[in-house]
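Given next are the chains, with one letter for each unit.
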Amino acid sequence: MAQSEWTCSLSSVHEWESPDYEPSLPVSEKSNPLTRDIDRASASRIVRMLQACDAQMFQEESGATYQRLLSEQVVATLMEVAQKVEIILKDPRDSLVVLSGCGTSGRLAFLITSAFNRALQELSQRSLYSYIIAGGDRALLSSQEAPEDDPKLGMLSLKKVCEGKKRVLFIGISCGLSAPFVAGQLELCLQHPEVYTPVLVGFNPPHQARNEPIPGCTFTFRSVVQRMQELAKSHKAFLINPAVGPEAVSGSSRMKGGSATKILLEVVLSAAHAAAFTNTPVTYKGILQHMRAYEKTLDITYAQKEGISALLEAAGQSLQRGRRVCYLGWGSLATLGLIDASECIPTFGADYEDVRGFISGGYRALNNNEGPLGPDFCIAHEDFLHLVLPSLDDRDVVLLLYTQSDDVSDVEKMALRVREKTSNLHAVCHRVEGDTAADDDINKLCSSSLKINWPPPASGSLLHMWELSTKLLLNSLSTGAHVLKGKIYQNHMMDVQVTNSKLYCRATRLLQKLSGCPEIQCEEALLKAVYRVDELTVDITSSDIITHTHTARNRTKVVPLALVCLLTGCSLMEAETHLQQQPIVREAVEACLA
Ligand code: F1P
């Protein structure tokens, strides 16, 4: 790399930390200087950018602006929370550890509680962990963003899960310190300190927590955080909120936000299990070492840059041709496939069929609270064989996700079936260094296979590392493929769904940034696009955000339409025609800006 390019990339790595950088935005909503022109990058450059963004998670604290993942205070809090869990593990009577969140945060709550309940089961212990996701189990596989705005629903669901419990450690996850659903749950904990100890996980400093009024409530997310800060002084509440830097696609907290959630909570729960069951006390050094093992996971994963770029290119081509990408997975890697695929719909305005995930064993293997979720959510490999495979051809990408511990003969069987329809078959397989898995036949069937060889980790479970690695890889693949499809403008998702208050505010801000028009005019344009009217009625202007976001559920291209209207002064109908002629949102926007 040329000296000037290196200097420039070094400064842009830290640029977001300056107090002058997008000062009105919390870290989780800022745009990342590293990805400013991701929309024009090649597949391999996209992967390099995503690697640099992910690496920001582990950067050391510089100056006093932001706490980071490895900051002393963060590690110390992780130790304290781990010790709380340890106490419960040693005497689990009438106790529960609850992990709760919205969207990706709730999906990770599910993934993590499943893994640690399994660990307890292997020790012949009762389940101790419960998950809550706003909108219920359907939200594991689809976006149910309206319930995220409902603090009462959050409280009710927490009360229900904790019925009869005398001691609850509640871990609320909201990457942006913003979801009213989680704020409501934390408020409930603060009202009943005799039962609940609240822990908050998120990735903004407390003063950046959301402070918009929540309809029908006297508290805001920020006021709840402030009360927790007070209680934290006497160790009755805990805040785990390092900054991990802005997301590669602005606000897409499924990426680093989700990864950091997984890392932090696995570190806490693993330390607690080791303390309770193998007499290994929770130590500062142990926690730090475990975090470093995750950092190494990033290195091992991105060492496969070329393979990942090739996959991204193949997936991008499929999507550009209006074809599909299917993840066929085994075990918890399949769950990560289901999650990544489901997130493409709200994140990129993708169709349900564009990217889909399937899990060997279907709902039995997923083992979610509510069991099978009906015909709209078919997730088993058999469903893939019946519903999807018959229509596949060489333009469709199928990706196998497995580890050496999975049933390799079953993987081969699926590979053979897929090859009858498409040669565009790829595989990602994790295995321990030196292992000679009998999967050569699978390799021969695949047009590319990414074999990731892992040294035994210095700390932590290999499966957790494989999961994180798979998450990074799939997030890169689906994000990159949609970038190549032209869904991103600079590093903003233009066609964001406006289905909850956070997304409504983000959409208005984006319109301001791109049109240069005042906020009031942008909000008006947004509402016109939501209600599909050229003039706003009093009925519309007097309605609240909940009504707006509810109406927006059935709308597409809301933000692009509003932007075209703002930039050209045309009517909605003209804007619709314009976007029909130029379906690549990035190019449509550029044409207007020019
Ligand atoms: C929760 C969340 C995100 C999702 C979208 C809407 O955010 O559902 O997971 O990608 O941005 O919000 P948070 O509460 O974890 O910040």
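Look up a bit, the structure's there.
Cut-offs and rules
Each chain has its residues counted from 1, running along the sequence as written. Reporting of local features is limited, given that this is a predicted model, to residues whose pLDDT is at least 70; pairs of side-chain atoms are given and counted only at 80 or more, and all residues count toward the totals for whole chains, interfaces and linings. With hydrogens and water stripped out, all remaining heavy atoms of the structure feed into the side-chain values. Runs of H or I in DSSP of at least four residues are treated as helices and runs of E of at least two as strands, each being numbered from the N terminus. The reference for a compact globule is 2.2 Å times residues^0.38; the radius of gyration itself is calculated from the C-alpha atoms. Exposure categories follow from relative accessible area, calculated using a 1.4 Å probe and restricted to protein chains: below 20% of the type maximum is buried, above 50% is exposed, and the middle band is partly exposed. Residue contacts are counted whenever heavy atoms from the two residues lie within 4.5 Å of one another. By the counting rule applied here, Lys and Arg register as positive and Asp and Glu as negative, while His and the ends of each chain are not counted. In this description, the location of a charge corresponds to atom NZ of lysine, CZ of arginine, CG of aspartate or CD of glutamate. Between any two strands, pairing holds if DSSP finds at least two bridges. With axes taken as lines fitted to C-alpha atoms, and helix axes fitted only over the stretch in contact, angles between N-to-C directions fall between 0 and 180 degrees. Among buried residues, the Ala, Val, Leu, Ile, Met, Phe, Trp, Tyr and Cys ones that are joined through side-chain atoms within 4.5 Å form a nonpolar core. We call a crossover right-handed when, viewed with both strands directed away from the observer, the connection leading from the first strand over the helix to the second proceeds clockwise.

(A) Broad picture of the overall build of the chain. Across its full length, the chain carries 24 helices and 12 strands. Against the globule reference of 25 Å for 594 residues, the chain gives a C-alpha radius of gyration of 23 Å, in line with a compact fold. By its C-alpha atoms, the chain is 70 × 60 × 55 Å across when sized along the principal axes. Buried positions account for 59% of the 594 residues belonging to the chain. Of the contacts made within the chain by residues no fewer than 6 positions apart, 74% connect residues no fewer than 24 positions apart. Each charge class in the chain was averaged separately, 57 positive and 68 negative side chains, and the resulting centres sit 2 Å apart.

(B) Structural detail: the sheet that holds strand E8 (residues 397-403). Spatially, five strands are ordered E7-E6-E8-E9-E10 in an open sheet, and the strand pairing comes out parallel. Every interior strand has two partners, whereas the edge strands, strand E7 (355-359) and strand E10 (448-454), have only one. The sheet shows a mean angle of 15° between the axes of neighbouring strands, taken without regard to direction. Two elements, strand E6 (residues 325-329) and E8, share five bridges in a ladder whose sense is parallel. Bridge pairing links Tyr327 to Leu399 in E8.

(C) Quick peek at the sheet that holds strand E4 (residues 196-201). What the five strands build is an open sheet, ordered E2-E1-E3-E4-E5; its pairing is parallel. Every interior strand has two partners, whereas the edge strands, strand E2 (129-133) and strand E5 (238-240), have only one. Neighbour to neighbour, the strand axes of the sheet diverge by 20° on average, direction disregarded. Summarising the sheet, strand E3 (residues 167-173) and E4 pair through six bridges and their orientation is parallel. In the sheet register, Ile171 faces E4, and the bridge partner there is Val199. On top of the sheet, helix H4 (residues 104-122) reaches strand E1 (95-101), E2 and E3; it is set at about 165° to E2, its chief contact.

(D) Representation of the nonpolar core within the structure. Counting residues in each nonpolar core, the largest one holds 114 residues, and the members touching the most others are Leu78, Tyr129, Leu264, Ile287, Met291 and Tyr327. The greatest single-element share of this core, amounting to 11 residues, is contributed by helix H9 (residues 256-277). Non-local contacts of Tyr129, meaning those with residues more than four positions away in its chain, are made with Val85, Leu89, Val97, Thr113, Phe116, Asn117, Leu120, Leu269 and His273. Counting residues in hydrophobic clusters, the runner-up holds 36 residues, among them Val496, Ala507, Cys570 and Ala575.

(E) Main features of the pairing of E4. Among the six residues that make up E4, six are buried, leaving the element largely enclosed by the rest of the structure. Of the two faces of E4, the one carrying Tyr196, Pro198 and Leu200 and the one carrying Thr197, Val199 and Val201 are both buried. Crossover connection from E3 via helix H7 (residues 180-191) to parallel E4: handedness right-handed. Note that the unit made of E4, helix H8 (residues 221-232) and E5 has a crossover that is right-handed.

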